[in-house]
Amino acid sequence: MMIPLTITTLIAAAAMVRGEVGQFPDSVAVIDSGSYQHIVMDSEHMWMLKFYSDMCGSCAEFQPLWEHLTGESNLGKSLKIGVVPIDEPEGLSLAKELEILEHGLPVVILASNPFDREDFQILHAGGDSETLPEKSELDRRLNDLLHDNDSLQKDEEGFYLKNSPI
């Protein structure tokens, strides 16, 4: 007996193979238009967010670099981490509101301004395997964004605070 496969089933299966569905560490928040204000903007901490799609080949190619930023990089460990799955209506709504999609996918932003939800720094935007930066280049970009602001402070746990816009 054959079981009919829908596009949704195939996409979900591919995402599960890549480890993108339901396998985020507890320290990674899933953000959407309903939670962005409460979780990211109202937070005293700086946030690094990845906008992605399970159907995006470039997003899958970028995944090892994202894991480096959020796991191996000392700088990444000092930021709150979130993902915005644009395959979900509320994630897509946030991406449209912030005009993220005009940059391609995946997009990694640094949300550091506590006063303006649309003021953020883009750490990485779009591309394919030919244009993906090296880990050291991403580390350098993040270091430059964080250390161009002399007034940045960390809390007692070592997370950067949104004390002033970058």
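Structure: see above.
All values reported here derive from a predicted model rather than from experimental measurement.

*Asks:* Tell me about the overall build of the protein, residues and numbers included.
*Replies:* Within the protein one finds five helices and five strands. Counting across all 166 residues of the protein, residues that qualify as buried make up 44%. Counting only contacts in the protein whose residues sit at least 6 apart along the sequence, the fraction spanning at least 24 positions is 64%. Carbon and sulfur atoms make up 52% of the accessible area of the protein, which totals about 8,900 Å².

*Asks:* Describe the sheet that holds strand β1 (residues 28–30), with residues and values.
*Replies:* What the five strands build is an open sheet, ordered β1-β3-β2-β4-β5; its pairing is mixed. With one partner strand each, in any of the chains shown, β1 and β5 (121–125) form the two edges of the open sheet. Going from strand to strand, the sheet's axes swing by 25 degrees on average, the running direction of each strand aside. In the sheet, strand β4 (residues 107–111) pairs with β5 via four bridges, with the strands oriented antiparallel. If you follow L110 over to β5, its bridge partner there is Q121. Here helix α4 (residues 89–97) sits on the sheet and contacts β2 (47–52) and β3 (80–85); the angle it forms with β3, its principal contact strand, is near 105 degrees.

*Asks:* Quick one: what's the story with the environment of T131, residue by residue and with numbers?
*Replies:* By secondary structure assignment, the location of T131 is in the loop between β5 and α5 (135–147). Looking at T131, the relative accessible area reads 52%, which means it is exposed. Between the alpha carbons of T131 and S58 there is a distance of 9.9 Å; along the sequence they are 73 residues apart.

*Asks:* Pulling in residues and values, what's your account of helix α3 (residues 57–72)?
*Replies:* With 16 residues, α3 ought to run about 22 Å at 1.5 Å a step, and its terminal C-alpha atoms sit 23 Å apart, in line with that. Along its length, α3 shows its largest kink, about 40 degrees, at Q63, and proline P64 lies within four residues downstream of that point. Among the residues of α3, S58, C59, F62, Q63, L65, W66, H68 and L69 are the ones counted as buried. Against β2, β3, β4, β5 and α5 lie the buried residues of α3.

*Asks:* Which residues make up the packing of α3 against α5, and what values go with them?
*Replies:* At a minimum axis separation of 10 Å, α3 and α5 run at an interaxial angle of 50 degrees. Here α3 lies oblique to α5, going by the angle between them. α3 and α5 meet at a crossing whose hand is right-handed. Residues F62, L65, H68, L69 and E72 of α3 form the contact with α5, whose participating residues are K135, L138, D139 and L142.

*Asks:* If you had to explain the pattern of salt bridges to someone new, which residues and values would you point to?
*Replies:* For the structure on display, the rule yields four salt bridges. A salt bridge links E137 to R141, with the shortest nitrogen-to-oxygen separation between them at 3.1 Å. In this pair, E137 and R141 are both assigned in helix α5, four residues apart and thus about one turn of the helix distant. Overall, the relative accessible area of 25% leaves E137 in the partly exposed class. When salt bridges that share partners are traced, they join E137, R140, R141 and D144 into one network.

*Asks:* Report on the side chain of K162, specifying residues and quantitative values.
*Replies:* By the secondary structure assignment, K162 is in the segment after α5. D42 is the oppositely charged side chain nearest to the buried, salt-bridge-free K162, at an N-O distance of 7.2 Å. In this structure the side chain of K162 is engaged in a polar contact, spanning 3.3 Å, whose partner is the backbone oxygen of M41. Discounting residues that sit within four places of it in the chain, K162 has contacts with V40, M41, S43, E44, H45, M46, A111, S112, N113 and P114.

The rules behind each value
- Along each chain, the written sequence defines residue order, and numbers are assigned to residues from 1.
- It should be noted that, the model being predicted, local features are given only for residues of pLDDT at least 70 and side-chain atom pairs only at 80 or more, the latter also being counted only at that level, while totals for whole chains, interfaces and linings use all residues.
- The basis for every side-chain value is the complete set of non-hydrogen atoms in the structure, without hydrogens or water.
- Under the DSSP-based scheme used, a helix requires at least four consecutive residues in state H or I and a strand at least two consecutive residues in state E, with every element numbered from the N terminus.
- A simple rule labels every residue: compare its accessible area, found with a 1.4 Å probe on the protein chains alone, to the largest value its type can have, and call it buried under 20%, exposed over 50%, or partly exposed in between.
- Pairs of residues are marked as contacts when any of their non-hydrogen atoms sit within 4.5 Å.
- Each accessible area is a Shrake-Rupley result for a 1.4 Å probe, and residues are judged covered by the shown protein chains and nothing else.
- Note: two strands are recorded as paired if DSSP finds a minimum of 2 bridges between them.
- All axes are obtained by fitting lines to C-alpha atoms, using only the stretch in contact for helices, and the reported angles, taken between N-to-C directions, cover 0 to 180 degrees.
- By this rule the span expected of a helix is its residue count minus one, scaled by 1.5 Å.
- Across the chain, bend at a residue is computed as the angle between axes fitted to the seven residues ending at that point and the seven starting from it.
- Each angle is binned into one of four classes, with values under 35 degrees roughly parallel, values over 145 roughly antiparallel, values of 65 to 115 roughly perpendicular, and all other values oblique.
- Handedness of a crossing follows from how the near helix is turned relative to the far one, being left-handed for an anticlockwise turn of less than a right angle and right-handed for a clockwise one.
- Salt bridge, as used here, is a side-chain nitrogen of Lys or Arg placed within 4 Å of a carboxyl oxygen of Asp or Glu.
- His is not counted, nor are the chain ends, whereas Lys and Arg count as positive and Asp and Glu as negative.
- For this analysis, a polar contact is any N or O atom pair within 3.5 Å, provided that within protein one partner can donate a hydrogen and the other can accept it, and provided that sequence-adjacent residues contribute only side-chain to side-chain pairs.

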